[in-house]
Amino acid sequence: MNDPKSKSEDEEHVAPTNFIHKIIEEDIAAGKNDGRVHTRFPPEPNGYLHIGHAKSICLNFGLAEQFGGKCNLRFDDTNPVKEEEEFVHSIREDVKWLGFDWADREFYASDYFGQLYEWAIKLIKDGKAYVEDLSADEIREYRGTLSEPGKNSPHRDRPVEENLDLFARMKKGEFPDGAKVLRAKIDMASPNLNFRDPVLYRILHAEHHRTGGEWCIYPMYDWAHGQSDSIEGITHSICTLEFEDHRPLYDWCLDTLGVYHPRQYEFARLNITYTVLSKRKLLQLVTEKIVNGWDDPRMPTISGFRRRGFTAAAIRDFCDRIGVARANSTVDLALLEFCLREELNKTAPRVMAVLKPLKIVLTNYPEDQVEQLEAENNPEQPEAGSRQIPFSRELYIEQEDFMEDPPKKFFRLAPGKEVRLKHAYIIKCEEVVKNDAGEITELRCVYIPETKSGQANAGMKVKGTLHWVSAPHAYETQVRLYDNLFSEIEPDKIEIPGSLNPNSLEVLADCKLEPSLKDAKAGDRFQFLRMGYFIADVKDSQPGAPIFNRTTPLRDTWAKVQKKG
RNA sequence: UGGGGCGUCGUCAAGUGGCUAAGACACUGGAUUUUGAUUCCAGCAUUCGGAGGUUCGAGUCCUCCCGCCCCAGCCA
């Protein structure tokens, strides 16, 4: 169904280089870590992975591959109230689908809860941490502001023995949620807010998806992340820009503990035009049922793209092309579409499907005759061979391929005009049949026998070639057309109802597809000639009754010409 | 506002003082085409947020200014 490595075998494929790549090269040259390269991808299992994560996955696993190193998959599961097992399953599946392998190195921050607790005790004993009784609101007040220093908590100088006792009782479950926290004792006047006695542990009487009820105190990100990196022997801990201000604290924890010290590097997170990538908004789309789940084909999640028909290779290619830098940026959605089409053009078999049918009758074609015509499967891939498609007196063409009163550059069918039917004959439109409401119901045409596909055209030339399907042989099914979920170019900057595209989903009930498509398997991809790339939906297709999703339309310069007028 | 970052073509992005500032996407022509697709060919930053300065030479170094992003969770 999917060959995750097909594209990277391209001889023209160039391994991406970026500032982190260079840092690693320099580190190796300087003999750091004995030349070892070990990265990690550390998602919190509180939602599905999206294409922004794909950038991080490609970076971390890609760097490890390029330098002959390793990359761990680590679930950063320190907040049980937000995390679920469903999310760890989907994350594993998505990373795998993207084509990366973490072998037996699947870890969890929760694996280290015991060690983290011991380290916290060491910190208390060293007089570098204390138990805080202040409420969350009070802590905020004491913290000061961006421009004013904070002030010390009245509990800051609690004796070590008292801290040890209180922290042990926190762990035992003697206090309710929010009653106490453990704080590092650093500097309440630091210009870096993260240094103003950061909270290390909070009390959460919550069921953890892995440790169950074993713990009721949980470490904060800052107390868990660096140490997890250290324990796993990570050499380069790569994260996004918003963690930059946490780096001094990352370093402080490791140095204070005196343990192995990985180095943190930050890069700019991905933004794409017309796409929402904030977890909060993605969750909102799902919970408010604006979309049908995390894998709705309109979602920018890995599972959404997969169901939409994107290939892993196209997503990886995209991640390689966008680069890795420290400047905030928004990548044009057109680049993702380009990567997709570039691959699908080479690999997707061509078939014919009429999505909005208009019946035509060839008045000079014998009533009972059926011809089997030869059609190539993929002009980009001659070895893909050809197949037979039935041709008969009654056919369907696309409604938009006929105009009663066409503009000058319209190359398709019109009264008295001729076009070629792909793989078949040139036809001429002689009569337009309408119902009482004046709507076109049928076209009566003649076919020109000498113009059969493959033969000399009997001196005829036509500008247009249309796709078609034989009416009595057609496989009728549902096809879904998808468009951007948002009509705003930067929807992350606008609250949700306002930015939505009301036409992001169009369900077409009675599409007419060439008969071979009846046997398409769930997950099979095709190019519907002139209409775009489609995939047999993995969830809603039945054996012998596939339903199709449009992955993306073909480039359409005619539409652009029309728009210009 | 204190701190931390970032500003090179419409969009990403190379560039680490010295050939006429890579490449890709997008866009604009034109050729081929039984997909208005694909493919091909051509065009597309005298200038690097701005102003000064150092230098034989500056996108790259210095100074000042401007703009944008991140931080005041017991989220990550």
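Residues numbered from 1 in each chain as written. Chains lettered and ligands numbered in written order. Predicted model: local features only at pLDDT ≥ 70, side-chain atom pairs only at ≥ 80, totals over all residues. Heavy atoms only, no water.

Topic: the overall build of chain A
- A tally of helices and strands in chain A yields 14 helices and 25 strands.
- Taken over the C-alpha trace, chain A has a radius of gyration of 31 Å; the compact-globule value for 565 residues is 24 Å, which it surpasses by more than 25%.
- Principal-axis analysis of the C-alpha atoms gives chain A an extent of 100 × 55 × 45 Å.
- The buried share of chain A, reckoned over its 565 residues, is 53%.
- Contacts in chain A between residues far apart in sequence, at least 24 positions, make up 70% of those at least 6 positions apart.
- Total accessible area on chain A is roughly 25600 Å²; 48% of this is exposed by carbon and sulfur atoms.
- Chain A carries 76 positive and 93 negative side-chain charges, and their two centres are separated by 3 Å. (Helix = DSSP H or I, 4+ residues; strand = E, 2+ residues; numbered from the N terminus. Rg over C-alpha atoms; globule rule 2.2 N^0.38 Å. Buried < 20%, exposed > 50% of the residue type's maximum accessible area, 1.4 Å probe, protein only. Contact = heavy atoms within 4.5 Å. Areas by Shrake-Rupley, 256 points an atom, 1.4 Å probe, with all protein chains shown as cover. Lys, Arg positive; Asp, Glu negative; His and termini not counted. Charge placed at Lys NZ, Arg CZ, Asp CG, Glu CD.)

Some thoughts on the protein's contact with RNA strand B
- Neighbouring RNA strand B are 68 residues, the closest being K22, F411, R412, S453 and K560.
- Considering RNA strand B, the proportion of its atoms within 4 Å of the protein that are sugar or phosphate atoms stands at 65%.
- Within the backbone of G454, one N or O atom sits 2.8 Å away from a base oxygen of RNA strand B.
- The contact in question runs from a sugar or linking oxygen of RNA strand B to an N or O atom on the side chain of T557, over 2.8 Å.
- Taken together, the elements giving at least two residues each to the surface near RNA strand B come down to helix 5 (136-143), strand 6 (199-203), helix 11 (312-322), helix 12 (333-347) and helix 14 (557-564). (Near = heavy atom within 4 Å. Polar contact = N/O pair within 3.5 Å; in protein donor to acceptor, adjacent residues only side chain to side chain.)

Remarks on helix 11
- Summarising burial for helix 11: nine of the eleven residues are buried, a large majority.
- Within helix 11, the full set of buried residues consists of A312, A313, A314, I315, R316, D317, F318, C319 and I322.
- Elements that come into contact with the buried residues of helix 11 comprise helix 2 (51-66), helix 3 (85-97), helix 10 (302-308) and helix 12.

Some points on unusual backbone geometry
- Phi at D34 is positive, roughly 55°, even though this residue is not glycine.
- With respect to the secondary-structure elements, D34 resides in the loop between helix 1 (19-29) and strand 1 (38-41).
- You will see that Y274, though not glycine, has its phi angle at about 60°, which is positive.
- Within the fold, Y274 resides in the loop between strand 9 (263-267) and helix 9 (279-287).

Topic: the sheet that holds strand 18 (residues 440-448)
- Spatially, seven strands are ordered 19-16-17-18-12-15-20 in an open sheet, and the strand pairing comes out mixed. The open sheet has two edge strands, strand 19 (465-466) and strand 20 (469-470), and neither has a second partner. (Pairing = 2+ DSSP bridges.)

Overview of the layout of surface pockets
- Size it by volume and the largest pocket reaches roughly 1600 Å³.
- Lining the largest pocket are 49 residues; nearest its centre among them are R341, D483, R550, P553 and L554.
- Broken down by secondary-structure element, the contributors of at least two residues to the lining of the largest pocket are helix 10, helix 12, strand 21 (475-482), strand 22 (505-513), strand 25 (548-552) and helix 14.
- Residue contributions to the lining of the largest pocket peak at six residues, all from helix 14.
- Looking at the lining of the largest pocket, its residues break down into 21 nonpolar, ten polar and 18 charged.
- Formed jointly, the lining of the largest pocket draws a minimum of three residues from each of two domains, domain 2 (273-308 + 327-352 + 474-565) and domain 3 (356-467).
- By volume, the second largest pocket amounts to about 1000 Å³.
- E44, H53, E242, F243 and K279 are the residues nearest the centre of the second largest pocket, which is lined by 33 residues in total. (1 Å grid on protein atoms, 1.4 Å probe; cavity = no way out; pocket = protein on both sides within 12 Å on 5 of 7 lines; lining within 4 Å. Points joined across faces, edges and corners; volume = space filled by probe spheres on them. Nonpolar A, V, L, I, M, F, W, Y, C, P; charged D, E, K, R; others polar. Domains from an automatic or database assignment.)

Quick notes on the packing of aromatic side chains
- Scanning all chains against the criterion turns up 21 aromatic pairs.
- Taken together, a centroid distance of 6.1 Å and an interplanar angle of 80° make the contact between F87 and W294 edge-to-face. Here the residue F87 occupies a position in helix 3, and W294 occupies one in the loop between helix 9 and helix 10, the gap between them amounting to 207 residues. Note on accessibility: F87 and W294 belong to one class, buried.
- A network of ring pairs unites the aromatic residues F113, Y117, F167, Y201, W215 and Y218 as a single cluster. (Phe/Tyr/Trp six-rings, centres within 6.5 Å; stacked < 30°, edge-to-face > 60°.)

What to know about the nonpolar core
- Counting 39 residues, the largest nonpolar core has I51, V95, I315 and F318 as the members making the most contacts within it.
- When contributions to this core are tallied by element, the ones reaching two or more residues are helix 2, strand 2 (70-75), helix 3, helix 10, helix 11 and helix 12.
- Once residues within four sequence positions are removed from consideration, I51 is found in contact with L270, I272, L277, P300, I302, F305, I315, F318 and L336.
- Ranked by size, the runner-up nonpolar core spans 33 residues in total, among them A120, I121, F175 and L182. (Core = buried A, V, L, I, M, F, W, Y, C linked by side-chain atoms within 4.5 Å.)

Brief notes about the confidence of the model for chain A
- For chain A, mean pLDDT is 95; residues scoring 70 or higher make up 97% of the total.
- ipTM for the predicted complex: 0.97, alongside a pTM of 0.96. (pLDDT = per-residue confidence, 0-100.)

Some points on the sheet that holds strand 5 (residues 181-184)
- Taken in spatial order, the four strands line up as 4-5-6-7 in an open sheet, and their pairing is antiparallel. The open sheet is flanked by strand 4 (129-132) and strand 7 (217-219), the only strands paired with a single partner. Between one strand axis and the next, the sheet turns by 20° as a mean value, whatever way the strands run.
- With three bridges connecting them, strand 5 and strand 6 associate as antiparallel partners. The partner of L182 across the bridge, within strand 6, is Y201. (Axes fitted to C-alpha atoms, helices over the stretch in contact; angles between N-to-C directions.)

Examining the pattern of salt bridges
- In total, this model carries 45 salt bridges according to the counting rule given.
- For the salt bridge of E342 with R321, the shortest nitrogen-to-oxygen distance reads 3.4 Å. Taken together, the residues span a long stretch of sequence, with E342 in helix 12 and R321 in helix 11 at a distance of 21 residues.
- What you see here is one network of salt bridges that share partners, running through D295, R307, R480, D537, K539 and D540. (Salt bridge = Lys/Arg side-chain N within 4 Å of Asp/Glu carboxyl O.)

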